[in-house]
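Structural characterization, general
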Amino acid sequence: MTTETLDIKITKSAQSRLAQTDFSKLVFGHTFTDHMLVADYADGEWKNFEIVPYGEIGMSPAISSLHYGQAFFEGLKAYKHADGQVSVFRPDKNAARFNKSAERLCMPVMPEELFVQSIAALVDVERDWIPTADNHSLYIRPVMFATDPFLGVVPSKTYKYVILTCPVGPYFSKPLRVKFETTFTRSAEGGFGYAKAAGNYGGAMLPTRRAIEEGFDQLIWTDAKEHLYAEEMGAANVMFLLDGKLVTPSTRDTILDGVTRDTVIAMAKDWGITVEERRISITEILEGARSGKLTDAFGAGTAATIAPVGAFNFEGEEYTLSDPATREFSNRVFNTLNDLRYGRIADTHGWNYMV
Ligand SMILES: *Cc1c(COP(=O)(O)O)cnc(C)c1O
């Protein structure tokens, strides 16, 4: 399909579950809206874009995504403004990353306009599901997976694209106590850490579970080769304010190029703050924590938004940072991001895609 406007067949659910949904008790990713979008890739093209009632889909147990991991996803959010308008935050960036993931996994790309229009169409149908409370939004989860029903370690010829939507509230509710992970790795040079590939998250579960068993909330991944440099925090990018500069690991094979990360960098530049995208060693972070030069540290991601680090732990030694409530930079970022997404301030960068 190469047409500019997407032809989407819509089948509405017989009965909405909206009235029975308590928006004050949302657990991230547990509540789905009434509909989902599905599309197929076959014979070299994307087709059959359809919005249907949310529910199970039949699949062969031989599909290669299950056996060989040809599967990846995206994550973005829609916000409801006070005047009732709805925006999706920077979907063009997610479209670009969607296609980077697709290429790395030998899966078909999707033209940006199809990706964005398919999201907008579903969000439009689910308008009433977008929460209006502060820090609430509609999480949008596009996923693509291989559907060839045979066992062979070769790229599939057929794929399914699905978009799910979930009303969500805040992800983390308190400052995080995190450890530097120096045994396990999330990704290595030449690997596919930069892709939102399903397999990256399955592999992260054991190290994360261990960290939680040890009493931490989250972990900071370090480089696979030497375990000396910070890479990411769980499934979020990690950012520091060191000596008044915003310092964050530069993107490479091993690091996911986050939309939130990119947004925070752009905002810092707008505010005249020096930004350094480079490797950052654990030693430098811990020295900053000791000397007081490290005045802020947080995770940045669509799901987690801005998640302040309350304390670091490195091989048993604890470094407590300043009270997150008193931190100038991350609070300014958090508030400005919210103001922008809920349409309370001018969108000077054109980041809000209006539905
Ligand atoms: C999704 C994700 C992020 C954050 O990216 P955003 O585009 O800001 O949501 C960072 N790291 C990993 C590993 C991720 O999966």
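Residues numbered from 1 in each chain as written. Predicted model: local features only at pLDDT ≥ 70, side-chain atom pairs only at ≥ 80, totals over all residues. Heavy atoms only, no water.

So, about the packing of helix α2 (residues 91–104) against helix α3 (residues 112–125). Close contact between α2 and α3 brings their axes to 9 Å; oriented N to C, the two are set at 125 degrees. By the angle between their axes, α2 is oblique relative to α3. The element α2 and its partner α3 pack so that their crossing is right-handed. Counted together, P91, D92, N94, A95 and F98 of α2 and E112, F115 and V116 of α3 form the full contact between these two elements. Class assignment for the residues of the contact of α2 with α3 results in five nonpolar, one polar and two charged. (Axes fitted to C-alpha atoms, helices over the stretch in contact; angles between N-to-C directions. Helix = DSSP H or I, 4+ residues; strand = E, 2+ residues; numbered from the N terminus. Parallel < 35°, antiparallel > 145°, perpendicular 65-115°, else oblique. Left-handed = near helix turned anticlockwise from the far one by under 90°. Contact = heavy atoms within 4.5 Å. Nonpolar A, V, L, I, M, F, W, Y, C, P; charged D, E, K, R; others polar.)

Attention shifts here to the domain arrangement of the protein. Entries for the protein in the domain assignment read domain 1 (9–169) and domain 2 (176–341). For domain 1 versus domain 2, the distance between C-alpha centres works out to 27 Å. Listed per partner, the contact involves 22 residues of domain 1 and 23 residues of domain 2. When the two sides are added together, the surface that domain 1 and domain 2 hide from each other amounts to roughly 1,900 Å², 58% of it contributed by carbon and sulfur. The largest per-residue losses of area from domain 1 upon contact with domain 2 belong to F89, R97 and R104, which jointly make up 32% of the total buried on that side. Counting across the interface, domain 1 meets domain 2 through three salt bridges. Our enumeration of links across domain 1 and domain 2 arrives at twelve residue pairs in polar contact (both at pLDDT 80 or more). Put simply, the parts of the chain that give the side of domain 1 that touches domain 2 at least two residues each are β4 (71–73), β5 (76–80), β6 (86–89) and α2. Tallying contributions element by element places α2 first for the side of domain 1 that touches domain 2, with six residues. Across the side of domain 1 that touches domain 2, the residue classes tally to nine nonpolar, six polar and seven charged. (Domains from an automatic or database assignment. Buried area = accessible area lost by both parts, 1.4 Å probe. Salt bridge = Lys/Arg side-chain N within 4 Å of Asp/Glu carboxyl O. Polar contact = N/O pair within 3.5 Å; in protein donor to acceptor, adjacent residues only side chain to side chain.)

Let us look at the site of the ligand. The environment of the ligand is formed by 14 residues, the closest being K196, Y201, E232, T260 and T302. For the ligand, an oxygen atom lies 2.8 Å from a polar atom in the side chain of R97. Between an oxygen atom of the ligand and a side-chain N or O atom of K196, the distance comes to 2.7 Å. When isolated, the ligand has an accessible area of 380 Å², and the protein chains bury 96% of it. In a pocket analysis with a 2 Å cut-off to the grid points, the ligand is assigned to the largest pocket. Among the residues forming the shell around the ligand, the class breakdown is five nonpolar, five polar and four charged. (Near = heavy atom within 4 Å. Areas by Shrake-Rupley, 256 points an atom, 1.4 Å probe, with all protein chains shown as cover. 1 Å grid on protein atoms, 1.4 Å probe; cavity = no way out; pocket = protein on both sides within 12 Å on 5 of 7 lines; lining within 4 Å. Sits in = over half its atoms within 2 Å of the grid points.)

Turning our attention to helix α4 (residues 198–213). Look at α4: 23 Å from first C-alpha to last across 16 residues, which is about the 22 Å you get at 1.5 Å a residue. In the structure, α4 departs most strongly from a straight axis at M205, where the bend amounts to approximately 35 degrees and where the proline P207 lies between one and four residues downstream. The set of residues buried in α4 consists of N200, Y201, A204, P207 and A211. Contacts from the buried residues of α4 go to β4, β9 (176–181) and β10 (218–222). (Expected span 1.5 Å × (residues − 1). Bend = angle between axes of the 7 residues up to and from the residue. Buried < 20%, exposed > 50% of the residue type's maximum accessible area, 1.4 Å probe, protein only.)

The next point concerns the nonpolar core. Within the largest apolar cluster, 37 residues are counted, with the highest numbers of intra-cluster contacts made by W46, F49, I119, V123 and Y161. Looking at this core, the elements that each hand over two or more residues are β2 (35–42), β3 (45–53), β5, β6, α2, α3, β7 (137–146) and β8 (159–168). Looking at which element gives the most residues to this core, the answer is α3, with seven residues. The contact partners of I119, leaving out residues within four places of it in the chain, are L76, V88, I140, P142, Y161 and I163. Membership of the second largest hydrophobic core comes to 23 residues, among which are L242, I280, A307 and L321. (Core = buried A, V, L, I, M, F, W, Y, C linked by side-chain atoms within 4.5 Å.)

On to the pattern of salt bridges. Note on pairing: side chains with opposite charge can pair once their charged atoms come close. In total, this model carries 24 salt bridges according to the counting rule given. With a shortest N-O distance of 3.3 Å, D43 and K47 are connected by a salt bridge. Taking the shortest distance from any N to any O, the salt bridge between K245 and E276 comes out at 3.4 Å. Here E276 lies in strand β14 (residues 275–277) and K245 lies in strand β13 (residues 245–248), a separation of 31 residues in the sequence. When its relative accessible area of 30% is taken as the criterion, K245 is described as partly exposed. Residues joined in a network through salt bridges with shared partners are K245, E276, R278 and E284.

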